[in-house]
Amino acid sequence: MARELKFADAATQQMVRHAEAEQHETVWDRYDAMQPQCGFGTLGLCCRHCSMGPCRIDPFGNGPKTGVCGATADTIAARHIVRMIAAGAAAHSDHGRDVAHTLALIVKDPKSAYSIKSESKLRAVAAVYGVETKDREIMDIAAEVAKEVLTEFGQSEGTVRMVKTAPAARYKIWEELGIVPRAIDREVVETMHRTHIGVDADYKNIIMQGMRTSLADGWGGSMIGTELSDVIFSLPKPLRTMANLGVLKKDYVNVVVHGHEPTLSDVIAVISKDKKLAERAKKVGAKGINLSGICCTANEIMMRHGIPLAGSYMQQELAIMTGVVDMMIVDVQCIWPGLDKTAECFHTKLVSTSPKAQMPGFEHIEFDEHRAIETATQLLEAAIDNFPNRDGQRTFIPDVAERAVAGFTTESVFQFLGGTYRSTYRPLNDAIIAGRIRGLAGVVGCSNPNVEFEEGHLTIVKELLANDVLVASTGCNSITCAKHGLMQPEAALTYAGEGLKEVCRAVGIPPVLHMGACLDNSRILRVLTNVVAEGGLGEDISDLPAAGAAPEWMSEKAVCIGFYFVASGVYTVIGKPLPVAGSAALNSYLTDGIEADTGGRWEWEMDPIEAAHKMLRHIDKKRKALKLKPMMYEQPFPQAE
Ligand code: CUV
Ligand code: SF4
């Protein structure tokens, strides 16, 4: 390996050393082989939108200042970034649409594998969509909600109705800016249209459309996905689980689900407990079936079934290299097409299940919701039958796994703070007002081989906790925090400042709250909305002592998420800058000027301690503007460094 990587995570460290010894290639090797990466791309200065190009602008002014069509660096960089938003919004929203289809299936086919698990959530969604619930059968409500939601995705008139659930002051800002999303599909399509050659060339106008598209995701597609997942797969409740590669078991048939959608994996989670399958596993010499997850599919079934997390995004090939994964079942998003190269050296069966995501070298067993139980059974049987093909000599499982409590939702988190009978955000708001809790942070998102693995996540989170900031976490940050013991209630004693420690101890919550998959960043938007509604901390999300971070982001979904947070008034810090630095005007707008428009802004900061301090300074600025009391206890910040 070219770079000296330390790996805070012992399991990853052991596996990477093992991979080196066995000459298996890892993502870190491929990343190093790709150096140096294209400078034009990094700065956002290349365009392939038509065949007069490809064009690129030399950032040092030693070449053409525009593309062949005359597009400037500002136009090219802005077009590129909003196409990233469109792709991210499309990914999340398509996921949301699939969940809505499952709801429609429940209505059509009472014998399907799915049912309405949370009637209260369904009623809440019905209220948003103006669907009458009084004196109606639950299936009638479900039918109408599914129809309303599915029609809304492509509607030609009106606006996305979930967006109205934002604080009134926030909605007004969007109206004034003209960025209230009209329909999810429409915003994605319009972004593609505007970025076609010779359409929108005004970088600010392009970014406004980008923000409208991101809002269609955060307050639309993603929120719909989260809410309807709660309806169908149940409202997550805090539960105990384990995280890291050590959850794989040598004597068991190991099935790993990977990707993002719960529709198949939730059924697998249930079917994996089937007695007949357990017997079949015993017949081939295994003790049973051991199901675990990678990426956000893992988050989804962990928070609803307590299924353990085998690892995050960056550990997907390491899981295969343990030699004990009998089957890896993937659905959509963040799945490396190179996994088949890794699997070649092992017996692991890779199975793709979505018609949208087929990969060379994977067996494709298409998942049909109408036959969910059959598909899940077929997959698990094939996994069991693959168990005897393991090469016992070549197994290596790092004995590393950590306990975690996961599965907090907008509804459940503060049930704790309010006591079981009084679900209210009052105690949280009061703790912030009194200076026990300094503020709230969402730390989310992917990991990336371009930085020391997980260092950014862990450093930022710990620095925030030490300074009494309550952290809400989603996506791969959640998996990282779980693996490193930050999601145990005891973590408050080790990492939290005095005030936060008191609150965590009083209500028995960890200082880092697992709020789900990256789709569930919508839950964080809802938490912020509820805090505003509870009163005493301003009128809008941008008034709150709150900040967001995605220290090791990599996906287009992450770009979209960041934009909907900024558009919602949140100060958002990321590590590697967005690829816009080639346009001075755009770069300065996103990190500065945009604040006058949305109340939120971007910040690029590669140093995780400084990133945390920037968030803390922002939180303090907001506390001051709200004239809140000084913090109750002495803070390490800003002396720490
Ligand atoms: Ni989105 S958070 S790598 S899997 S997008 Fe995938 Fe969930 Fe990032 Fe992690
Ligand atoms: Fe070049 Fe303009 Fe075509 Fe882009 S759209 S490739 S900048 S000519």
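All values reported here derive from a predicted model rather than from experimental measurement.

Procedures and definitions
- What you see as residue numbers is a count from 1 along each chain, following the sequence as written.
- Written order determines the labels here, with chains lettered from A and ligands numbered from 1.
- Residues qualify for local features only when their pLDDT is at least 70, as the model is predicted, and side-chain atom pairs are given and counted only at 80 or more; totals for whole chains, interfaces and linings, by contrast, use all residues.
- Side-chain numbers come from the whole structure's heavy atoms, not from hydrogens or water.
- By definition, any uninterrupted DSSP run of H or I lasting at least four residues is a helix, any uninterrupted run of E lasting at least two residues is a strand, and each is numbered from the N terminus.
- Atoms counted for the radius of gyration: C-alpha only. Globule rule: 2.2 Å times residue count to the power 0.38.
- To sort residues, take the accessible area from a 1.4 Å probe on protein chains only and compare it with the maximum for the residue type: under 20% means buried, over 50% means exposed, and anything in between is partly exposed.
- In this analysis, two residues are considered to be in contact whenever any of their non-hydrogen atoms come within 4.5 Å of each other.
- Areas reported here follow the Shrake-Rupley algorithm with a probe of radius 1.4 Å; residue values treat only the protein chains shown as occluding.
- Neither His nor the chain termini are counted; the positive set is Lys and Arg, and the negative set is Asp and Glu.
- One atom stands in for each charge, and that atom is NZ of Lys, CZ of Arg, CG of Asp or CD of Glu.
- Two strands qualify as a pair provided that DSSP identifies no fewer than 2 bridges between them.
- Here the axes come from fitting lines to C-alpha atoms, over the contacting stretch only for helices, and the angles between their N-to-C directions go from 0 to 180 degrees.
- The criterion for a residue being near a molecule or strand is simple. One of its heavy atoms has to lie within 4 Å of it.
- Here a cavity denotes a set of grid points, spaced 1 Å apart and computed over the protein atoms alone, in which a 1.4 Å probe fits but from which it cannot get out, and a pocket denotes an open set meeting protein on both sides within 12 Å along at least five of seven lines; residues with an atom within 4 Å of a point are reported as lining.
- To qualify as sitting in a cavity or pocket, a molecule needs more than half of its atoms within 2 Å of the grid points.
- Charged means Asp, Glu, Lys or Arg here, nonpolar means Ala, Val, Leu, Ile, Met, Phe, Trp, Tyr, Cys or Pro, and polar covers whatever is left, Gly included.
- Each domain's extent was defined by an automatic or database domain assignment.
- Sodium, potassium and calcium take a 3.2 Å donor cutoff, other metals 2.8 Å, and in both cases only N, O and S atoms count; water is not among them, so sites may look incomplete.
- Any Lys or Arg side-chain nitrogen located within 4 Å of an Asp or Glu carboxyl oxygen qualifies as a salt bridge.
- Note on convention: near helix rotated counterclockwise from far helix by under a right angle means a left-handed crossing. Clockwise means right-handed.
- Grid points are joined across faces, edges and corners, and a volume is the space filled by probe spheres set on the points.
- Among the buried residues, those of types Ala, Val, Leu, Ile, Met, Phe, Trp, Tyr and Cys that are joined through side-chain atoms within 4.5 Å form a nonpolar core.
- Pairs of N or O atoms are called polar contacts if they sit within 3.5 Å, as long as, within protein, a hydrogen donor faces a hydrogen acceptor (for residues adjacent in sequence, only side-chain-to-side-chain pairs).
- In this scheme Phe, Tyr and Trp rings, the latter by its six-membered ring, pair at centre separations within 6.5 Å, and the angle between planes marks the pair as stacked below 30 degrees, edge-to-face above 60, and tilted otherwise.

Draft legend 1. Looking closely at the overall build of the protein chain. Helices and strands together make up the secondary structure of the protein chain, namely 25 helices and 16 strands. Here the C-alpha atoms of the protein chain give a radius of gyration of 24 Å, agreeing with the 26 Å that 2.2 N^0.38 yields for 641 residues. Seen through its principal axes, the protein chain has C-alpha atoms that stretch 65 × 65 × 55 Å. Within the span of the protein chain, comprising 641 residues, buried residues form 62% of the whole. In the protein chain, 75% of the contacts between residues at least 6 apart in sequence involve partners at least 24 apart. Accessible area of the protein chain: about 23600 Å², with a carbon and sulfur share of 53%. For the protein chain, the centre of its 67 positive side-chain charges and the centre of its 79 negative side-chain charges are spaced 2 Å apart.

Draft legend 2. Focus on the sheet that holds strand β15 (residues 571-574). Pairing is parallel across the open sheet formed by 6 strands, whose spatial order is β13-β12-β11-β14-β15-β16. Edge positions in the sheet fall to β13 (512-514) and β16 (601-604), since each of these pairs with one other strand and no more. Each adjacent strand pair in this sheet contributes to an overall mean axis angle of 25°, direction not counted.

Draft legend 3. Seen up close, the site of ligand 1. Near ligand 1 you find 13 residues, and of these His260, Cys296, Cys334, Cys476 and Cys518 are the closest. Of the pockets mapped on this structure, ligand 1 occupies the largest cavity. Within the residue set of the shell around ligand 1, elements represented by two or more residues are α12 (295-305) and α19 (475-483). Broken down by class, the residue content of the shell around ligand 1 amounts to 8 nonpolar, 4 polar and 1 charged. No fewer than three residues from each of domain 3 (245-394) and domain 4 (404-625) sit in the shell around ligand 1.

Draft legend 4. Examining the coordination of the nickel atom of ligand 1 more closely. Every protein donor of the nickel atom of ligand 1 is accounted for by His260 (NE2) and Cys518 (SG), and the metal-donor separations fall at 1.9 to 2.7 Å. Highlighted residues: histidine 260 in the loop between β4 (253-259) and α10 (262-271) and cysteine 518 in the loop between β13 and α22 (521-534), separated in sequence by 258 residues. Assessed through its relative accessible area of 3%, histidine 260 is described here as buried.

Draft legend 5. Looking closely at the pattern of salt bridges. This structure, assessed with the given rule, holds 47 salt bridges. Measuring nitrogen to oxygen at the nearest pair gives 3.0 Å for the salt bridge that ties aspartate 185 to arginine 97. One end of the pair, aspartate 185, is in helix α8 (residues 184-194); the other, arginine 97, is in helix α4 (residues 73-108), with 88 residues separating them in the sequence. Residue class for aspartate 185 comes out partly exposed when judged on its relative accessible area of 25%. Through salt bridges that share partners, Lys121, Glu227, Asp230, Glu300, Arg304, Asp520, Arg523 and Arg526 make up one connected network.

Draft legend 6. Spatial organisation of the packing of helix α5 (residues 119-128) against helix α9 (residues 203-233). Remark: α5 packs on α9, axes separated minimally by 8 Å, with the N-to-C direction vectors making an angle of 145°. Crossing angle aside, the handedness with which α5 passes α9 is left-handed. Counting all contacts with α5, which are made through Lys121, Leu122 and Val125, the residues of α9 involved are Glu227, Leu228, Asp230 and Val231.

Draft legend 7. Expanded view of empty space enclosed by the protein. Using the criterion set out here, one finds 3 cavities of 30 Å³ or more in the structure. In this model, the largest cavity occupies a volume close to 430 Å³. Val444, Thr474, Asn521, Ile524 and Phe565 are, among the 44 residues lining the largest cavity, the residues nearest its centre. Elements represented by at least two residues in the lining of the largest cavity include exactly α16 (410-418), β11 (439-443), β12 (469-473), α19, α22, β14 (546-550), α23 (556-567) and β15. Counting residues per element, the lining of the largest cavity draws most heavily on α23, which supplies 6 residues. Along the lines of polarity and charge, the residues of the lining of the largest cavity split into 33 nonpolar, 10 polar and 1 charged.

Draft legend 8. Summary view of the nonpolar core. Formed by 166 residues in total, the largest nonpolar core has its most connected members in Leu578 and Leu590. Those residues in contact with leucine 578 that lie beyond four places of it in its chain are Ile81, Trp553, Val559, Phe563, Leu590, Trp602 and Trp604.

Draft legend 9. Structural view of the environment of lysine 576. You can see lysine 576 is positioned in the loop between β15 and α24 (584-598). Apart from the residues lying within four places of it in its own chain, the contact partners of lysine 576 are Thr42, Asn450, Trp553 and Met606.

Draft legend 10. A look at unusual backbone geometry. Between glutamine 35 and proline 36 the backbone carries a cis peptide bond, its omega angle lying at -5°. You can see proline 36 is positioned in the loop between α2 (27-33) and α3 (39-43). With phi around 65°, aspartate 468 is a residue other than glycine that occupies positive phi space. Tracing the sequence through the fold places aspartate 468 in the loop between α18 (455-466) and β12. Note on aspartate 468: relative accessible area 1%, which makes it buried. Its identity is not glycine, yet lysine 627 carries a phi of approximately 55°, on the positive side. Assignment of secondary structure puts lysine 627 in the segment after α25 (608-625). Lysine 627 gets classed as exposed once you look at its relative accessible area, which sits at 74%.

Draft legend 11. Structural detail: the site of ligand 2. The environment of ligand 2 is made up of Cys47, His49, Cys50, Met52, Gly53, Cys55, Gly67, Val68, Cys69, Ile76, Arg79 and Ile197. The site holding ligand 2 turns out to be the second largest cavity. In terms of residue class, the shell around ligand 2 is built from 8 nonpolar, 3 polar and 1 charged.

Draft legend 12. Expanded view of the side chain of glutamate 603. Among the structural elements, glutamate 603 can be located in strand β16. At 2.6 Å, the side chain of glutamate 603 and the side chain of tyrosine 571 are in polar contact. Contact partners of glutamate 603, with chain neighbours within four places excluded, come to Tyr571, Thr572, Val573, Ile574 and Lys614.

Draft legend 13. Spotlight on the packing of aromatic side chains. Tallied over the entire structure, the rule returns 11 aromatic pairs. Ring plane angle 70° and centroid distance 6.4 Å describe the contact between phenylalanine 7 and phenylalanine 453, whose orientation is recorded as edge-to-face. In this pair, phenylalanine 7 sits in the segment before α1 (10-22) while phenylalanine 453 sits in the loop between β11 and α18, placing the two residues 446 residues apart along the sequence. Phenylalanine 7 gets classed as buried once you look at its relative accessible area, which sits at 3%. Ring plane angle 70° and centroid distance 6.4 Å describe the contact between tyrosine 203 and tyrosine 589, whose orientation is recorded as edge-to-face. Here tyrosine 589 lies in helix α24 and tyrosine 203 lies in helix α9, a separation of 386 residues in the sequence.

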